[in-house]
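Here is what each chain is made of, one letter per residue.
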Amino acid sequence: MFSAPTEQYLEQAYHRARDEYADLGIDTGEALQRLARVAVSINCWQGDDVAGFEGQEGITGGGILATGEYPGKARNPDELRRDFEMAYSLIPGKHRFNLHAMYRESDNPALDRDGIGPEHFSRWMDWAREMDLALDFNPTFFSHPLAKSGYTLASRDEKVRAFWIEHGKRSRQIAAHLGAHQGSASINNFWVPDGSKDEPADRLAHRELLIQSLDEIFSLAYPREQTLDAVESKLFGIGSEAFVAGSHDFYLAYAISRGVMLTMDAGHYHPTESVAEKISAVLPFCQDLLLHLSRPIRWDSDHVVIFDDATRDIFREVQRARSFDRVHLAVDFFDASINRIAAWVIGVRSALKAALFALLEPTDLLVAAEESGDTATRLALQQELLTLPFGAVWDKFCLDQGVPPGRFWLAQVKEYEQQVLRKRQ
Ligand code: RNT
Ligand code: ZN
C-alpha cells in the first residue's frame, strides 16, 4: 500500500482539478464551502446493531433486523460514544447525531417507554455539547413486548395504543428539550412498523387508528426552533410483507394535511422506484423533507450507504432544486457483519462524496442544452462529468477538514479494532 500522499501532492492535484471544473463554469472553492455546511445526522444505531440500552436482551422486531456477528459491538453508552468519536474523527465536516428513545440511560430497571423524559438523555446531552454535535431523535415503536402483535399506534387494543401514544408524546417533549438546549431544532422522526404478514381483512381500520393516534400525539404544538416532527413511510418489513399501515401514500397525505415533515428512506420503496425522482414532486408541497440515506439490496436491508447512482441521484436532485436548506439528511443503516466504525465512516463519507459530486455539477450548462433542444449535449456532458478529477476535490475537502484523504483513514480503524474492539469479547 502507498503511504498517505503529501499535502503538496494533494494541493497540486486539486489545482489541476480546479482548472478543469472552472472550464465548465464551476467554482470548486465555492462547492467546498457549501459542502462544509452539509450536515448529516449520523445514526447511533449502527454502533450496536439497533440494540439500545434498555437491558431487555433479545427483544427485537418491528420488521427490521441487523445481521452479522462482527466482533466488538458497543455494549453500553460509553462504548458507543467512544466508538462514534473514533468514527467522527475520520469524517470531514460538522454533523449531527441521531438518537433513538431506546438509547436512554437509567438505573431504574422498571423504566418503560411511557416513562422516559429528558433526564434520561442528560449524559447524551453533555457528551453532545462536548463534541459540538446537535442531537436528533426518534421514538422507538419496535423491539418491545407491546409491539409483538405487529401493531402499536394502529393496534385495535386501546391499552396498547395508549402506551404508545404516551411514548410518542414523551419523545416530542425530549426532542423539544434537546432542541431548546442545543439551539438547533431536534428532528423527531416517527417510524411506526405497524402492519401484518398476511392480507388484512380491514386495512382502513388500522389506518384510521394510526391517524387518530398520531393526531393525538401531535396535538400539542412545540416551537419550530425546538423540534420538528417527521413521519417515515415503508413498503414492507420482515413480518409485515402484506401490509404496512404507514405506507408512502398514507404519510404523504398525512404530512401535507397536518403540516409535519415527510421522511423518505431510500430503502422503503419498490426496487425500481427512485427517491431522487420523488424529491421535486414532493418539495412544492412540503416545507421540509427528511431523507434517510440507505442502500436496499433486494429488500429493505439497510446496507451501508455507498457512492452509487441512487445516492448521487438523490443529491443531484436536492442541488438542482437548490434545497439543501430544506432537505434534512440522515443516514440509516445497520450492518453487523463488518467493522461497525468502518461502516459509519464509509456510509457518511460516501454520502458527502455524493453531495460534493452534485455541488460540482454544471447544471446551467445541462439546462441550457435541454432548453435549446440539444439533448445529445445534455447526455454527453453528463457522461463526461463522471470522469472529471472529482477525487482530487474530495481529497482537498478532507485535507481542509483535517481528516485523512482517500483510503488513508482505514489504518486508524484497524488500529482501533486491535486496541479496543477485539478486547471486548
Ligand atoms: C426502519 C426505518 C427506521 C429505522 C430506524 C432504526 O425500516 O428505516 O428509520 O431504521 O428508526
Ligand atoms: Zn429509515
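Cut-offs used in this document
- Residues numbered from 1 in each chain as written.
- Chains lettered and ligands numbered in written order.
- Predicted model: local features only at pLDDT ≥ 70, side-chain atom pairs only at ≥ 80, totals over all residues.
- Heavy atoms only, no water.
- Helix = DSSP H or I, 4+ residues; strand = E, 2+ residues; numbered from the N terminus.
- Rg over C-alpha atoms; globule rule 2.2 N^0.38 Å.
- Buried < 20%, exposed > 50% of the residue type's maximum accessible area, 1.4 Å probe, protein only.
- Contact = heavy atoms within 4.5 Å.
- Areas by Shrake-Rupley, 256 points an atom, 1.4 Å probe, with all protein chains shown as cover.
- 1 Å grid on protein atoms, 1.4 Å probe; cavity = no way out; pocket = protein on both sides within 12 Å on 5 of 7 lines; lining within 4 Å.
- Points joined across faces, edges and corners; volume = space filled by probe spheres on them.
- Core = buried A, V, L, I, M, F, W, Y, C linked by side-chain atoms within 4.5 Å.

Chemist: Even after reading the chapter, I still don't get the overall build of the chain, so can you show me in this structure?
Modeler: Across its full length, the chain holds 14 helices and 12 strands. What you see for the chain is a C-alpha radius of gyration of 22 Å, in line with the 22 Å of a compact globule of 425 residues. Overall, the C-alpha framework of the chain stretches about 65 × 55 × 40 Å when taken along its three principal axes. Buried residues in the chain amount to 54% of all 425 residues. Taking as baseline every contact in the chain between residues at least 6 positions apart, the subset at least 24 positions apart corresponds to 82%. Accessible area of the chain: about 18900 Å², with a carbon and sulfur share of 50%.

Chemist: Any chance you could explain the layout of surface pockets here in plain terms?
Modeler: Using a probe with the size of a water molecule, rolled over the atoms, empty space left in the structure can be pinpointed. Roughly 730 Å³ of volume is contained in the largest pocket. Here the lining of the largest pocket gets four residues from one element, more than from any other, and that element is strand β12 (residues 327–331).

Chemist: In this structure, what is going on with the environment of Asp 19? I would like to understand it.
Modeler: Residue position: Asp 19 is located in helix α1 (residues 7–23). Given the relative accessible area of 48%, Asp 19 is considered partly exposed. In this structure the C-alpha to C-alpha distance between Asp 19 and Phe 84, which are 65 residues apart in sequence, comes to 37 Å.

Chemist: What is the right way to read the nonpolar core from this model?
Modeler: One recurring pattern in soluble globular proteins is that nonpolar side chains are buried together. Core analysis: the biggest nonpolar cluster contains 119 residues, and Trp 124 and Leu 291 have the highest contact counts within it. When residues in this core are grouped by element, the largest group, 14 residues, is from helix α10 (residues 340–359). Excluding residues within four positions of it along the chain, Leu 291 makes contact with Met 264, Val 275, Ile 279, Ile 314, Val 318, Val 327, His 328, Leu 329 and Ala 330. Among the nonpolar cores identified, the runner-up in size contains seven residues, and Ala 185, Ile 187, Ala 230 and Ala 330 belong to it.

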